[in-house]
Amino acid sequence: MFATAARNAGKRLLEIRRSLIQTPQVTRSFSTALNYHIDSPDNNPDISWDFSDANKEKVREILSHYPSNYKRSAVIPLLDLAQQQHGGWLTVSAMNTIAKIVEVAPIRVYEVATFYSMFNRSKVGKYHLLVCGTTPCMIRGSREIEAALLKHLGVKRNEVTKDGLFSVGEMECMGCCVNAPMLAVADYSKGSEGYTYNYYEDLTPERVVEIVEMLKRGETPPVGTQNPERIRSGPAGGNTTLRGEPKPPPCRDLDAC
Ligand code: FES
């Protein structure tokens, strides 16, 4: 029975693959996607890319954390540094440079950069706004937060505003569900030296627009909860339990022992 199911699944996969190959539109879109990655005017392997002098020092520091025969372990921090230096996204040349530094085939770097969603392989805004789309944030209105952002900025998801300042993306749970819905702002406006990654929590559609306007004016909105009734993740309006001294008796009568 298992063998039959496996045979059927194999047959179905083959059919799907054949139908994709025979559909010119799909073939075209595959090749366009591939070309976009390696062969657009601002992203192709002929553009030379290197770490800045200040970051070369950081590269040495990062590599010093790993044994010399395991340089490849430094791929993620190096990609992160390259992305900060390059205004929030990674070109194929940047990935190739990292492959040379850690002495691996470029594909080993591409496969890491394409796996993790925090690495962007196309341009983003100086402020990359990441709306959490996972269930707790969704239940608490993240779709409305995203809609308010897209409408206010006049872009679609993953598009960059004409002034290059903002782009809106989506992330999965960022570990802040208790203050849902939330937004993370990756701020590439000051290069790798001034890079910050801030959380804005307990958002409303109106508040998220105010935050964007503050960023536009070069201000730094207060991070964390945006609900004035809450302190960090505490209950809105203050504590409702455990407000006095705990009352005796202890759980056991120790004198009885
Ligand atoms: S679901 Fe949004 S932070 Fe966890």
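Keep in mind the model is a prediction, meaning the values are calculated, not measured.

Caption draft 1: Highlighting the pattern of salt bridges. Under the criterion given, the structure shown has 13 salt bridges. In this structure, Asp 42 engages Lys 123 in a salt bridge whose closest nitrogen and oxygen atoms are separated by 3.5 Å. Of this pair, Asp 42 sits in the loop between helix H2 (24-38) and helix H3 (53-63) while Lys 123 sits in the loop between helix H6 (106-115) and strand E1 (127-132); the two residues are 81 residues apart in sequence, bridging distant segments of the chain. Relative accessible area serves as the criterion here: at 34%, Asp 42 is assigned to the partly exposed category. Close ionic contact of Glu 210 with Arg 207 constitutes a salt bridge, the shortest N to O distance being 2.7 Å. Remark: Arg 207 and Glu 210 occur in helix H9 (residues 205-216); sequence separation between them is three residues, near one turn of the helix. A residue is classified by how much of its surface remains accessible, and Glu 210, at 40% relative accessible area, is partly exposed. Residue Arg 207 is classed as buried on the basis of its relative accessible area of 19%.

Caption draft 2: Structural detail: unusual backbone geometry. Following Ala 180, the chain continues to Pro 181 via a peptide bond in cis, the omega torsion being 0 degrees. Along the chain, Pro 181 turns up in the loop between strand E2 (166-171) and strand E3 (183-187). Residue Arg 232 is not a glycine yet carries a positive backbone phi of 50 degrees. Note on placement: Arg 232 falls in the segment after strand E5 (224-225). When its relative accessible area of 68% is taken as the criterion, Arg 232 is described as exposed. Even without glycine at this site, Leu 242 takes up a positive phi of about 55 degrees. Inspection of the secondary structure puts Leu 242 in the segment after E5.

Caption draft 3: Fine view of the packing of H3 against helix H4 (residues 75-85). Put simply, H3 and H4 touch, their axes get as near as 10 Å, and they point 165 degrees apart. By the angle class used here, H3 and H4 are roughly antiparallel. Crossing of H3 over H4 shows right-handed handedness. In this structure, H3 uses Asn 55, Lys 58, Val 59, Ile 62 and Leu 63 to contact H4, whose residues at the interface are Pro 77, Leu 78, Leu 81 and Gln 85. Split into classes, the residues belonging to the contact of H3 with H4 amount to six nonpolar, two polar and one charged.

Caption draft 4: Structural view of helix H5 (residues 92-102). Among the eleven residues in H5, nine count as buried, and that is most of the element. The complete set of buried residues in H5 reads Val 92, Ser 93, Ala 94, Met 95, Asn 96, Thr 97, Ile 98, Ala 99 and Val 102. Of the residues one or two after H5, Glu 103 is the one with positive phi, at around 60 degrees.

Caption draft 5: Inspection of the packing of helix H8 (residues 142-153) against H9 at higher detail. Where H8 meets H9, the closest approach of the two axes is 9 Å, and the angle between their N-to-C directions is 45 degrees. Compared by their axis directions, H8 and H9 come out oblique. For the crossing formed where H8 meets H9, the hand is right-handed. For the pair formed by H8 and H9, the contact residues are Glu 144, Ile 145, Ala 148, Leu 149, His 152 and Leu 153 on the first element and Pro 205, Val 208, Val 209, Val 212 and Glu 213 on the second.

Caption draft 6: Summary view of the packing of aromatic side chains. For the structure shown, the criterion picks out five aromatic pairs. Each ring, one from Trp 49 and one from Phe 51, has its centre 5.0 Å from the other, and the planes form 75 degrees; the classification is edge-to-face. The buried category is assigned to Phe 51, whose relative accessible area is 4%.

The rules behind the values
Residues numbered from 1 in each chain as written. Predicted model: local features only at pLDDT ≥ 70, side-chain atom pairs only at ≥ 80, totals over all residues. Heavy atoms only, no water. Salt bridge = Lys/Arg side-chain N within 4 Å of Asp/Glu carboxyl O. Helix = DSSP H or I, 4+ residues; strand = E, 2+ residues; numbered from the N terminus. Buried < 20%, exposed > 50% of the residue type's maximum accessible area, 1.4 Å probe, protein only. Axes fitted to C-alpha atoms, helices over the stretch in contact; angles between N-to-C directions. Parallel < 35°, antiparallel > 145°, perpendicular 65-115°, else oblique. Left-handed = near helix turned anticlockwise from the far one by under 90°. Contact = heavy atoms within 4.5 Å. Nonpolar A, V, L, I, M, F, W, Y, C, P; charged D, E, K, R; others polar. Phe/Tyr/Trp six-rings, centres within 6.5 Å; stacked < 30°, edge-to-face > 60°.

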